[in-house]
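# Structure at a glance
Take a look at the letters that make up each chain.
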Amino acid sequence: MTARQEWDKPVLNNGPSSCFASRPFARVLTIIALALAAGGCVFAPAESFTLQAEVPADFRVKADAYYEPASGETCEAPPRQRGKVAPNRKFFTSEYQMVARTAEFQIPLTTRAGGCPLVLSSLKLNLDAKWGTRWSDIGGDFASLSFYDELADVPPGFPASGIQAFQGQCQWLFRTVGPKRNIRKILHCRAVDASGQMVKRMAGGVLQRDQLPGRTVRMVFGMAEQEQPYYRGWWLETPNGWKPCTGRWGTNNEEWCMEPAQFTDFKLPDGRSCTVYPNCTE
């Protein structure tokens, strides 16, 4: 799997380049010619870390990295020009794959925009997944990472393995939409606790920037086996599956369950009219 990456110019030292030190003009021309013959002047690349996103089948991963002026800098990144990417953002994308796999990107920790040195401040990991065969059968959610000069509340140090892992889990939530009550699915991704249970907070965490050069940050996402209703209390679970309630507000649409419960039908993407999900018929 190859990932498209968008790179800014490398951050250069503030001092004169080793290729263009102050010398008589003729000597400078000679040095330029020798450098070009040898393959050009090579600058040290900006420090970076490896971001890995382990995702289930039929997922696409898109990373949106946001940069801000380094500590002590009074400059600002130039404003975004119409039709162009903002100078303080970088995007990385992997395409959908039919099998579970790991998407991998090299994320620069520094960059420069308009002469202003910038450092990585946050990263939003967008997760898109297919739940059907139509172009619109896609759900999305995200995870996030934040980067700081120092972490006061987190023990210092990086795992000896060189890999810092964050665990997450995704789940499909279903509901009906429109007058025909067509089934739609919503992707729901959250962090997991030590026992592997989903919690309310987003997946991800915080990292100390100077611990990251040459290291790996791994985001691992599983997929829950069971789907759940998007609206809690609007579907009733039966031995044959979930049944959508109706009647509380006098319509035939999916509504909060009453006592005794009343039910409505719904349609699957293949056009079948059903009374129970996901089995369709009882």
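Throughout this description, residue numbers start from 1 for each chain and increase along the sequence as written. Restriction of local features to residues with pLDDT of at least 70 applies here, the model being predicted, together with a cutoff of 80 or more for giving and counting side-chain atom pairs; totals for whole chains, interfaces and linings are based on all residues. Hydrogens and water molecules were not included; the side-chain quantities draw on all heavy atoms of the structure.

## Overview of the packing of aromatic side chains
Describing an aromatic ring pair means giving the distance of the ring centres and the angle of the ring planes. The line we're drawing: Paired rings are identified among Phe, Tyr and Trp, the last through its six-membered ring, by centres lying within 6.5 Å, and are further divided according to the angle between planes into stacked (under 30 degrees), edge-to-face (over 60) and tilted (the rest). A run of H or I in DSSP counts as a helix once it spans at least four residues, and a run of E counts as a strand once it spans at least two, with each numbered from the N terminus. Between buried and exposed lies partly exposed: a residue is buried under 20% and exposed over 50% of the maximum accessible area for its type, with that area taken using a 1.4 Å probe on protein chains only.
By the definition in use, this model includes 10 aromatic pairs. Ring centres of phenylalanine 49 and phenylalanine 147 lie 5.8 Å apart, and the angle between their planes is 45°; this geometry places the pair in the tilted category. Within this pair, whereas phenylalanine 49 is found in strand β2 (residues 48-55), its partner phenylalanine 147 is found in strand β8 (residues 138-148), the two being separated by 98 residues in sequence. As far as burial versus exposure is concerned, phenylalanine 49 and phenylalanine 147 are alike and both buried. Residues tyrosine 230 and tyrosine 231 carry aromatic rings whose centres are separated by 4.9 Å and whose planes lie at 80° to one another, so their mutual orientation is edge-to-face. Classification of tyrosine 231 as partly exposed rests on a relative accessible area of 29%.

## Re the side chain of threonine 216
Quick reminder of the rule: Whether two residues touch is decided by their heavy atoms; if any such pair falls within 4.5 Å, the residues are in contact.
Of note, threonine 216 is situated in strand β12 (residues 216-223). Setting aside residues up to four positions removed in sequence, threonine 216 forms contacts with Thr50, Gln52, Phe158, Gly162, Ile163 and Gln164.

## Re unusual backbone geometry
When glycine is set aside, most residues are seen to have a negative phi, and most peptide bonds are trans. Between glutamate 259 and the following residue, proline 260, the backbone shows a cis peptide bond with an omega angle of 5°. By the secondary structure assignment, proline 260 is in the loop between β15 (241-244) and β16 (266-267). The amide bond that connects tyrosine 277 to the next residue, proline 278, takes the cis arrangement and shows omega of 5°. The phi dihedral of arginine 181 is positive, around 55°, even though this residue is not glycine. Classification of arginine 181 as buried rests on a relative accessible area of 13%. Unlike most non-glycine residues, cysteine 280 shows phi in positive territory, near 75°.

## Notes on the state of the cysteines
The condition that has to hold: Two cysteine sulfur atoms make up a disulfide if the distance between them is within 2.5 Å.
Within this structure, the stated rule accounts for four disulfides. Paired by a disulfide, cysteine 75 and cysteine 116 hold their sulfur atoms 2.1 Å apart. Here the S-S torsion is close to 70°, and the disulfide linking cysteine 75 with cysteine 116 is therefore right-handed. With cysteine 75 in the loop between β3 (59-69) and β4 (89-93) and cysteine 116 in strand β7 (residues 116-130), the pair connects residues that are 41 residues apart, well separated along the chain. Under the relative-accessibility criterion, cysteine 75 is labelled partly exposed at 25%. The disulfide that involves cysteine 245 links it to cysteine 257, with 1.9 Å between the sulfurs. The sign of the 80° torsion about the S-S bond sets the cysteine 245-cysteine 257 disulfide as right-handed.

## Regarding the environment of valine 217
Examined against the element boundaries, valine 217 turns out to sit in strand β12. We classify valine 217 as buried; its relative accessible area is 0%. Residues valine 217 and threonine 50, spaced 167 residues apart in sequence, show a C-alpha to C-alpha distance of 6.2 Å.

## Section: the confidence of the model for the protein
Applied cut-off: pLDDT expresses how confident the predictor is about each individual residue, on a scale running from 0 to 100.
With 83% of its residues at a pLDDT of 70 or more, the protein shows a mean pLDDT of 85. Here helix α1 (residues 25-37) stands out as the least confident element of the protein, with mean pLDDT 41; strand β13 (residues 228-229) is the most confident, with 98. Taken as a whole, residues 1-44 scores under 50 in pLDDT and shows 48 contacts with residues more than four places along the chain or in a different chain.

## Notes on the pattern of salt bridges
Our working rule: Put simply, a salt bridge is a Lys or Arg side-chain nitrogen that is within 4 Å of an Asp or Glu carboxyl oxygen.
For the structure shown, the criterion picks out 11 salt bridges. Where arginine 218 meets glutamate 54, a salt bridge forms, and the shortest distance between an N and an O atom there is 2.5 Å. Linking arginine 218 in strand β12 with glutamate 54 in strand β2, this pair joins segments that are 164 residues apart in sequence. Accessibility expressed as a relative area gives 29% for glutamate 54, which makes it partly exposed. With a closest N to O distance of 2.9 Å, aspartate 137 and arginine 134 form a salt bridge.

## As for the environment of phenylalanine 158
Turning to its location among the elements, phenylalanine 158 is positioned in the loop between β8 and β9 (163-177). The buried category is assigned to phenylalanine 158, whose relative accessible area is 16%. C-alpha of phenylalanine 158 to C-alpha of leucine 207: the two residues are 49 residues apart in sequence and 9.5 Å apart in space. Residues within four places of phenylalanine 158 in sequence aside, it is in contact with Ile163, Gln164, Gln211, Leu212, Arg215 and Thr216.

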